[in-house]
Amino acid sequence: MASPQKSTELPKTYDPKAVEPRLYEFWERSGFFHEDPDPARPPFIIPMPPPNVTGRAHLGHGSTYTPQDVLTRYHRMLGDNADWLPGLDHAAIATESVLVRELAAQGIARDSLGRDGFVERAWEWSRTTGGTIEAQFRTLGFGPDWQRSRFTMDDGLSAAVRKVFAALYREGLIYRGKRLINWDPKGKTTVSDAEIDHVERDAHLWHIRYPSKDGSFAIEIATTRPETMLGDTAIAVHPDDERYTALIGKRVVLPLIGREIPIVADAAVERDFGTGAVKVTPAHDPTDYEIGLRHTLPMPTIMDADARISDAEIDVGPYAGLDRYEARKRIVDDLRAAGVLIKEEAYRHSVSVSERSGEVIEPLLSLQWFVTMKPLAEPALQAYRDGRLRFVPERYGRTYEQWLENIRDWNISRQLWWGHQLPVWYTPTGDVVVAETEEEAREIARARYGSAPLTRDPDTLDTWFSSGLWPFSILGWPEQTLELQCWYPAQVLITGWEIIFLWVARMVMLGMHFLGTVPFGTVFIAPLVFDAQGRKMSKSLGNAIDPMDLVDRYGADAFRMGILRQMRLEGQEIRFQESRCEEARNFNNKIWNATRYMLSLPEGLPRAMTLPKSADLTVADKWILTRLHDTIVAVSDHFDGFDFGNAADAIWRFVWYEFCDWYVEATKVPENHGTRAAVLSFVWNNAMRLLQPIAPFISEEVWLALPHDGVTIMTATWPDRLEVRVDREAAAAFETQMAASEEIRRQKAALELPLSSRPATRVPGDLSQAALGAISTYSPPISGSTIQIDVNLRGGISGIAVEAPATLLLERYRKDAVRLRREVERSEKTLANRDFTAKAAPNVVAKEREKLEGYRNELARVEKALAAMGETA
RNA sequence: GUGCGUGUAGCUCAGUGGGAGAGCACCACCUUGACACGGUGGGGGUCGUAGGUUCAAUCCCUACCACGCACACCA
């Protein structure tokens, strides 16, 4: 296989634009994303939540899809049978509204095309304009198994949908019934409970008097929706409300209409709210509907599909044809004129709004298809409770549990054309035939009812019905494929919490019902992305950031790293900061330049990836190898635990602060020259592999530029901690050197000496060889009498002295003295406390004594120095 | 209303029952054999408030305050 092209001279600044598209093309062409089922290896399968065919990449994909790509790449390197299964969702409502809008722009009405014509256009649109998000995902470096990409409207997936529908119908779990549903008058379709938002709105509470026919009494009710009075069939009061007990069973007259309705007693009524009496409109309010059922009230609807007042079922006076809001205005006016409007007060309450269209939902009694949820929910709950299904973070499990415990039947029919048409046919006499295909339906109808013409139910299924089958329909179910055998159930599902109900729970229910097992073992709920002020990103607020712009500016690697570093295991949101992408771009540039340095070494890099004998390694070598070992452990553990933020941080720290800041610098010192090329090469090769899942492009580019085995880092093995020698003692010695170097730098800075200067340094006699070595690379030893600076170093070196004029030292000494006195005082007080010495752990007490001694010694030196300079302590 | 989460440096966030941290921003200095998308040093916080447990609390417990979110049939 040909390696991707690359120039021999590395430019001074890393340019992701010159690297990323080329490498992605190389990977995809080489089939590195593709995998076949292999029963011999442990599977690692992630079903990608299929983005809408109308969708565009947004920052939310950064937090939910990047981890999927990271884990897939990680497990591929671990040697697992890893596959990330992509696809697209037909997104019925979204697609249909996009299309209707486009048609309208061309002056075409949806209905004029006819159903077939419209569906044809929808397919055309999906194939051409739709799915641009897949190209965007490529730009982001996401590497799912594109060859296996599926679309929820594909033949196979559609067959699965029909099979599931027919099966559930036969089992009695799908039924057709007249129920109160959520009607979206703008989208002209029903919407499920889970697709409704509750929004606080300013409104009014109107008090209306309903008099008795003979005028002997009246009852006053309060309502926010006076227009629905046209459909009132009762007044309800609480059975224990003494104000009204005498009126229960009596009748009052509906103002403006004149219809007589009863007063009923129902415990659902809140005595303390409003007047304690409520009008009951069973066909247009969920609570009223329940009351209506309990009291067998008539349930006339008074609105049509456009939410206009309609007299189709009952007399609505002169209001027929008015929009619901116009009707409200007119009715309030008329009530006022009639003298029955008692009060109008400002009132803030929450209204139900369609998530999709933003339109206020109209509860409406309607004949629809439903799934009985309780029997499906029970096993799904059980699976969670006995640990077969796990949520990360755990708290989301309770959300899942709570919803399943209170589950209501799922309205699955939608009044749309684009989608899976219900596999339901009707005979002229209204008999229902459910079948997987039209031919089967005819056979059934012939057998059951003779040869009657059939008409198909025009409705389509809720989009989530087909996505509920996703983890197995994409594997070929109901065919018993090898994929299904090896890859179901999947290992992990990653998504945002907002679709735990809509999608996750439904996949679990349907997966368990039809395949007997949970569709995935772990659900990782990724944080949602907000702007830096914690506001939701939206077009209307103008605070939305396009990830494509970020890739353009910083590169895909930087975008991925930038967003992952903002993820915290327990976090439920990310306040996105673009500066993190900028930092990550700088990080990549750092990697690039460290690579350039390695390639410029005069001795060159060795071909084989072997380390020198342990005896030949220097302290610096052993330190960086030990750190590499620890980083491999940390990154692996964090990936295993879904802690992407800490995984990214661990690599970051290692690469920048340990490798670049210290080890690379150390290789410039002659004592490290002998081994540096081999160690640099070995460590960097490993570091790039650790980085690969997060920043696939630069890690590949660098890996290929340095000694390596294989054609791509993507299929290289994950770094093995056992192959990296650990030497804690040497590592500690190097860390002492680091501390010494830092202290000398600090001294230089305080003394305003140039960093490059090598001032004479007095060192104490008991200094270790390692520390002495480190110091002598920065400063020559001194002789003669100079003013002495005494400091305490982390790691136990004390008494380094730097030659310097006295005047520059005073301020620093004074500050040190103040700080040290404070510490000595605090420590003495702690140790003087008998409870502390008696009760605290012995090692804690011992450590405190050591600290005190250290502070006292240091303070003594500083005071001595001050005294020598004529200061009184 | 019920439940969940969050309050730590100017900003975004780590963290720990025993001497308060990172990055960015800010200040000063530095073109030292890769990197100014860089290096070095520095200033800056009563760890939301009030109690409690403990020898010891930023961390554990309780209450409160503020913010965010999810559920919920007060019309």
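Residues numbered from 1 in each chain as written. Chains lettered and ligands numbered in written order. Predicted model: local features only at pLDDT ≥ 70, side-chain atom pairs only at ≥ 80, totals over all residues. Heavy atoms only, no water.

Visitor: Can you walk me through the pattern of salt bridges in this structure?
Guide: For the coordinates displayed, the defined rule picks out 55 salt bridges. Residue Glu-603 pairs with Arg-676 through a salt bridge whose shortest N-O separation is 2.7 Å. Remark: Arg-676 occurs in helix α21 (residues 673-691) and Glu-603 occurs in the loop between α18 (578-599) and α19 (619-640); sequence separation between them is 73 residues. Overlapping salt bridges bring together Arg-225, Glu-227, Arg-324, Arg-328, Glu-359 and Glu-362 as one network. (Salt bridge = Lys/Arg side-chain N within 4 Å of Asp/Glu carboxyl O. Helix = DSSP H or I, 4+ residues; strand = E, 2+ residues; numbered from the N terminus.)

Visitor: Would you mind going over the nonpolar core with me for this structure?
Guide: As a rule of thumb, nonpolar side chains are buried together in soluble globular proteins. In terms of nonpolar packing, the biggest core is built from 120 residues, with Phe-639, Phe-659 and Trp-684 touching the most fellow members. Of the residues forming this core, the biggest block, 15 residues, is contributed by helix α20 (residues 644-666). Listed in part, the 65 residues of the second largest apolar core include Leu-475, Tyr-488, Leu-493 and Met-512. (Core = buried A, V, L, I, M, F, W, Y, C linked by side-chain atoms within 4.5 Å. Buried < 20%, exposed > 50% of the residue type's maximum accessible area, 1.4 Å probe, protein only.)

Visitor: Got a minute to help me understand the protein's contact with RNA strand B in this structure?
Guide: Around RNA strand B there are 57 residues in total, and Tyr-347, Asn-593, Lys-668, Lys-839 and Tyr-855 lie nearest to it. Counting only atoms of RNA strand B within 4 Å of the protein, the fraction found in sugar and phosphate groups is 58%. Between RNA strand B and the protein, one listed contact pairs a sugar or linking oxygen with a side-chain N or O atom of Gln-402 at 3.5 Å. Side-chain polar atom of Arg-596 to a sugar or linking oxygen of RNA strand B: 3.0 Å apart, as the coordinates give it. (Near = heavy atom within 4 Å. Polar contact = N/O pair within 3.5 Å; in protein donor to acceptor, adjacent residues only side chain to side chain.)

Visitor: I keep staring at the sheet that holds strand β7 (residues 196-211) and nothing clicks. Help me out?
Guide: If you walk across this open sheet you meet the 3 strands as β8-β7-β13, and the pairing is antiparallel. The sheet terminates laterally at β8 (218-223) and β13 (341-354), the two strands that pair on one side only. Each strand axis lies, on average, 20° off the axis of its neighbour in the sheet, ignoring direction. Here β7 pairs with β13 via 13 bridges, running antiparallel. (Pairing = 2+ DSSP bridges. Axes fitted to C-alpha atoms, helices over the stretch in contact; angles between N-to-C directions.)

Visitor: It is not clear to me how the packing of aromatic side chains should be interpreted in this structure. Could you clarify?
Guide: When we look at a pair of aromatic rings, we describe it by the centre distance and by the angle of the planes. Here the structure, examined in full by the defined rule, presents 40 aromatic pairs. For the pair Tyr-384 and Phe-391, a centre-to-centre distance of 6.0 Å together with 65° between the ring planes defines the contact as edge-to-face. Comparing Tyr-384 with Phe-391 shows no difference in burial state: the two are buried. Seen in terms of ring centroids, Phe-587 and Trp-652 are 4.3 Å apart; in terms of plane orientation they differ by 10°. Their pairing is stacked. Here Phe-587 is found in helix α18, whereas its partner Trp-652 is found in helix α20, with 65 residues between them in sequence. The buried category is assigned to Phe-587, whose relative accessible area is 0%. An aromatic cluster of at least three residues, connected via ring pairs, comprises Tyr-74, Phe-524, Phe-639, Phe-642, Phe-644 and Trp-718. The ring of Trp-27 has Arg-73 lying over it, and the distance from NZ or CZ to the ring centre is 5.0 Å. Looking at Lys-668, its charged tip hangs above the ring of Tyr-597, at a distance of 5.4 Å from the centre. (Phe/Tyr/Trp six-rings, centres within 6.5 Å; stacked < 30°, edge-to-face > 60°. Lys NZ or Arg CZ within 6 Å of the ring centre and 35° of its normal.)

Visitor: Could you clarify how one ought to interpret unusual backbone geometry in this entry?
Guide: Excluding glycine, residues mostly carry a negative phi; peptide bonds, for their part, are mostly trans. For the peptide bond that leads from Trp-477 to Pro-478, omega is 15°, which places it in the cis range. With respect to the helices and strands, the residue Pro-478 is situated in the loop between α13 (470-473) and α14 (482-487). A cis amide bond links Tyr-488 with the next residue in sequence, Pro-489, at an omega value of 0°. Its location among the elements puts Pro-489 in the loop between α14 and β22 (490-496). The residue Ala-307 is not glycine, and still its phi comes out positive at about 60°. Structurally, Ala-307 can be placed in the loop between α7 (286-294) and α8 (324-337).

Visitor: Quick question: what am I supposed to make of the sheet that holds strand β23 (residues 520-526) here?
Guide: Pairing between the strands of a sheet is mediated by backbone hydrogen bonds and can be parallel or antiparallel. Overall, parallel pairing links the 3 strands, which are arranged β15-β23-β22 in an open sheet. With one partner strand each, in any of the chains shown, β15 (390-392) and β22 form the two edges of the open sheet. Strand-to-strand twist across the sheet, computed as the mean angle between neighbouring axes with direction ignored, equals 20°. Two elements, β22 and β23, share 6 bridges in a ladder whose sense is parallel. Considered in β23, the bridge of Leu-493 is made with Val-523. Contacts from helix α2 (residues 59-77) reach β22 and β23 within the one sheet, and its direction differs from that of β22 by about 160°. (Contact = heavy atoms within 4.5 Å.)

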